[in-house]
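Take a look at the letters that make up each chain.
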Amino acid sequence: MKIGFIGAGKMATALVNGIVSSKLVPSNDVFVTDINADATAKLKQELNVSVADSAENMLSKVDIVITAVGPKVAPQILSGIKDELFKDKTVVSIAAGLQLDTLAAALPAKTPIVRIMPNINAVVGEAAIALCTNDYVEDSVKADVKKIFESVGTVYELPESQFSIFTAISGSSPAYAYLFIDSIARGAVKNGMNKDLATKIAAEAVLGSAKMIKETGEEPWTLINNVSSPGGTTVAGLVELEDNAFISTVIKGIDATINKDKELSGK
Ligand SMILES: NC(=O)C1=CN([C@@H]2O[C@H](COP(=O)(O)OP(=O)(O)OC[C@H]3O[C@@H](n4cnc5c(N)ncnc54)[C@H](O)[C@@H]3O)[C@@H](O)[C@H]2O)C=CC1
Ligand SMILES: O=C(O)[C@@H]1CCC=N1
């Protein structure tokens, strides 16, 4: 299975890193192309992937082409490539907002298309990833695409109508989780702890908390109650966070993310 990436930016780099380190395919069976030659040169140097000088030249060498450019650019790039080059290829898009029917309009009729929403934690093999397909993706091809993304995390098959929500709670949410961890660490710095040490400790506490939710299957509020000793430190902090509308602020952030994803779809 040969995999090509159009666009070698942040998310493509995360996926290529994860795919190569999982040893799913030999590194030189991963192809990258980008208008920024520095981006592809860096990936070649660090991971020994193959570089193509254009999307057209890459297409003849790969089975699966993953567009990892912005949602506005992807249809333009795809519609600029000769139709015959898409014969026996599957096109995968990871762009926020970009819907299957918009991609289909930019491609030859009946091209198999997979829509994916990954997240940047693919670098460490811990991404949560959504997948949906159009009607022309055979089961064996879907299984191959799933295998690629399972090499960097967990894949959820979801109806396309849920992708905006998924983008908020998984595609974008790592940024919000990093912000939370950084904010906790800044609180420690304010009170006299070294930032590097505080960040490491806060990250471990958040990682363990995520594991508790995943592995115990308990409702978060049960776990919150378990931490909150009567008259203790935790409840004092919770009251202050809620005084400043922590929950509704986070929900508003998720709403804004969902709305932006819908706006990017252009529909
Ligand atoms: N960064 C993230 O965590 C996530 C990003 N995505 C999606 O991934 C896509 C890329 O996002 P990022 O990697 O963050 O952006 P980025 O700006 O880091 O990467 C985009 C890359 O595309 C290249 N590019 C632009 N026009 C091109 C063309 N005509 N031909 C070849 N390459 C071209 C740019 O030079 C750049 O290297 C977006 O559609 C985004 O919605 C999805 C999930 C998470
Ligand atoms: O910010 C963005 O638009 C992309 C999609 C999800 C994460 N990054």
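The model shown is predicted, which means the values in this text are computed figures rather than measured ones.

Cut-offs used in this document
- Residues numbered from 1 in each chain as written.
- Chains lettered and ligands numbered in written order.
- Predicted model: local features only at pLDDT ≥ 70, side-chain atom pairs only at ≥ 80, totals over all residues.
- Heavy atoms only, no water.
- UniProt positions renumbered as here; feature names shortened; annotations may be inferred.
- Helix = DSSP H or I, 4+ residues; strand = E, 2+ residues; numbered from the N terminus.
- Near = heavy atom within 4 Å.
- Polar contact = N/O pair within 3.5 Å; in protein donor to acceptor, adjacent residues only side chain to side chain.
- Areas by Shrake-Rupley, 256 points an atom, 1.4 Å probe, with all protein chains shown as cover.
- Nonpolar A, V, L, I, M, F, W, Y, C, P; charged D, E, K, R; others polar.
- Buried < 20%, exposed > 50% of the residue type's maximum accessible area, 1.4 Å probe, protein only.
- Lys, Arg positive; Asp, Glu negative; His and termini not counted.
- Salt bridge = Lys/Arg side-chain N within 4 Å of Asp/Glu carboxyl O.
- Contact = heavy atoms within 4.5 Å.
- Patch = residues over 30% accessible without salt bridge, like charges linked within 9 Å, V, L, I, M, F, W, Y side chains within 5 Å.
- Axes fitted to C-alpha atoms, helices over the stretch in contact; angles between N-to-C directions.
- Parallel < 35°, antiparallel > 145°, perpendicular 65-115°, else oblique.
- Left-handed = near helix turned anticlockwise from the far one by under 90°.
- Expected span 1.5 Å × (residues − 1).

1. With respect to the UniProt feature "domain: Pyrroline-5-carboxylate reductase dimerisation" (unreviewed entry) in the chain
In step 1: The sites that carry the UniProt feature "domain: Pyrroline-5-carboxylate reductase dimerisation" (unreviewed entry) are, in the present numbering, residues 160-264.
In step 2: Within the segment residues 160-264, helix and strand shares are 84% and 0% respectively, and the terminal C-alpha atoms sit 14 Å apart.

2. Concerning the site of ligand 1
In step 1: Inspection of the region around ligand 1 gives 20 residues, with Lys10, Met11, Asp34, Val69 and Ala96 positioned closest.
In step 2: Within the backbone of Lys10, a nitrogen or oxygen atom sits 2.9 Å from an oxygen atom of ligand 1.
In step 3: If ligand 1 stood free it would expose 830 Å²; the protein chains cover 71% of that surface.
In step 4: Elements with a contribution of two residues or more to the shell around ligand 1: α1 (10-22) and α4 (73-79).
In step 5: Classifying every residue of the shell around ligand 1 by side-chain character gives 14 nonpolar, 4 polar and 2 charged.

3. Side note on the side chain of Asp261
In step 1: Relative to the helices and strands, Asp261 is located in helix α11 (residues 246-264).
In step 2: Buried Asp261, no salt bridge; nearest opposite-charge side chain is Arg115, N-O distance 4.2 Å.
In step 3: Within the structure, the side chain of Asp261 is placed 3.0 Å from the backbone nitrogen of Gly97, a separation counted as a polar contact.
In step 4: Not counting chain neighbours up to four residues away, the residues in contact with Asp261 comprise Ala96, Gly97, Arg115, Phe163, Ser164 and Thr167.

4. A look at a nonpolar patch on the surface
In step 1: Where nonpolar side chains cluster on the molecular surface, the patch consists of Phe180, Ile184, Trp221, Leu241, Phe246, Ile247, Val250 and Ile251 and spans about 720 Å² of accessible area.
In step 2: At 4 residues, the largest contribution of residues to the nonpolar patch is made by α11.
In step 3: Considering the arrangement of structural elements, one finds Phe180 in helix α7 (residues 163-190).

5. Looking at the packing of α7 against α11
In step 1: Remark: α7 packs on α11, axes separated minimally by 9 Å, with the N-to-C direction vectors making an angle of 130°. Judged by the inter-axis angle, α7 sits oblique to α11. Between α7 and α11 the crossing geometry is right-handed. Together, Phe163, Ser164, Ile165, Thr167, Ala168, Ser172, Tyr176 and Phe180 of α7 and Phe246, Ile254, Thr257, Ile258, Asp261 and Lys262 of α11 make up the contact between the two elements.

6. Quick word on α1
In step 1: For α1, built from 13 residues, the straight-helix expectation of 18 Å at 1.5 Å per residue is met to within 8% by its first-to-last C-alpha distance of 18 Å.
In step 2: Looking only at α1, the buried set comprises Met11, Ala12, Ala14, Leu15, Val16, Gly18, Ile19 and Val20.
In step 3: Immediately beyond the C-terminal end of α1, within one or two residues, lies Lys23, with a positive phi of roughly 60°.

7. Quick word on the environment of Lys262
In step 1: Within the secondary structure, Lys262 sits in helix α11.
In step 2: Sequence spacing of Lys262 and Asn57 is 205 residues, and the spatial spacing of their C-alpha atoms is 33 Å.

8. Let's talk about the environment of Lys10
In step 1: Examined against the element boundaries, Lys10 turns out to sit in helix α1.
In step 2: Residue classification places Lys10 among the exposed positions, given a relative accessible area of 71%.
In step 3: In this structure, the C-alpha to C-alpha distance between Lys10 and Ile120, residues 110 residues apart in sequence, is 8.0 Å.

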